[in-house]
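Here's the letter readout for the chains.
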Amino acid sequence: GGSVEAVPCSRVGHMFRKLSPYSLHDQAWARNKKRLISVWLDNYTDEVYKAQPRLVDNSDMGDISARLALKDRLQCKSMDWYIKNVYPELAKK
């Protein structure tokens, strides 16, 4: 019994169980993480790959053109906008 709430300018967090009821496939995790980085993190990709060097490889992350088109069609803000307006504490000093 939880709830889902829409809150303007909210931050998203995850709560993890001590034991997962499903197996986590490392290859799928890496592929999805790369897709997220490529679609949403704009010019911060280098910083993410420095922090997560295991993601830097030649494995295929699949076609992200539909995700990028959706982001464009919905006029989503950039990561720079998010950091400046929503989470300025994330910016480097």
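Given the structure is predicted, the values throughout are model-derived calculations rather than measurements.

### Examining the overall build of the chain
Next, step 1: Regarding its fold elements, the chain presents four helices and zero strands.
Next, step 2: Secondary structure elements of the chain, listed N to C terminal, follow the sequence α-α-α-α.
Next, step 3: Counting all 93 residues of the chain, 15% fall into the buried class.
Next, step 4: A separation threshold of at least 6 residues defines the contact pool for the chain, and within that pool the share at least 24 residues apart is 67%.
Next, step 5: For the chain, the exposed area adds up to about 8300 Å²; of that, 55% sits on carbon and sulfur atoms.

### Description of the pattern of salt bridges
Next, step 1: Enumeration over the complete set of coordinates arrives at one salt bridge.
Next, step 2: Of the charged contacts, one joins Lys71 and Asp42 as a salt bridge, the two residues approaching to 2.9 Å between their closest N and O atoms. Note that Lys71 is positioned in helix α3 (residues 65-73) and Asp42 in the loop between α1 (26-40) and α2 (45-51), a separation of 29 residues in sequence.
Next, step 3: Judged by its relative accessible area of 11%, Lys71 falls in the buried class.
Next, step 4: Judged by relative accessible area, Asp42 falls into the partly exposed class, the value being 30%.

### Remarks on the packing of aromatic side chains
Next, step 1: Taken as a whole and assessed by the stated rule, the structure comprises zero aromatic pairs.
Next, step 2: A cation over a ring is seen here: Lys77 above Trp81, with NZ or CZ 5.4 Å from the ring centre.

### Quick word on the nonpolar core
Next, step 1: With eight residues, the main nonpolar core is built from Ala30, Ile37, Leu41, Tyr44, Val48, Leu55, Met79 and Ile83.
Next, step 2: Going through the elements one at a time, α1 and α4 (79-85) are the ones with two or more residues in this core.
Next, step 3: Residues within four places of Met79 in sequence aside, it is in contact with Trp40, Leu41, Asp42 and Tyr44.

### A word on unusual backbone geometry
Next, step 1: One non-glycine residue, Asp42, lies in the positive phi region at around 45°.
Next, step 2: Even without glycine at this site, Gln75 takes up a positive phi of about 55°.
Next, step 3: Mapping Gln75 onto the fold places it in the loop between α3 and α4.

Criteria and cut-off values
- Residues numbered from 1 in each chain as written.
- Predicted model: local features only at pLDDT ≥ 70, side-chain atom pairs only at ≥ 80, totals over all residues.
- Heavy atoms only, no water.
- Helix = DSSP H or I, 4+ residues; strand = E, 2+ residues; numbered from the N terminus.
- Buried < 20%, exposed > 50% of the residue type's maximum accessible area, 1.4 Å probe, protein only.
- Contact = heavy atoms within 4.5 Å.
- Areas by Shrake-Rupley, 256 points an atom, 1.4 Å probe, with all protein chains shown as cover.
- Salt bridge = Lys/Arg side-chain N within 4 Å of Asp/Glu carboxyl O.
- Phe/Tyr/Trp six-rings, centres within 6.5 Å; stacked < 30°, edge-to-face > 60°.
- Lys NZ or Arg CZ within 6 Å of the ring centre and 35° of its normal.
- Core = buried A, V, L, I, M, F, W, Y, C linked by side-chain atoms within 4.5 Å.

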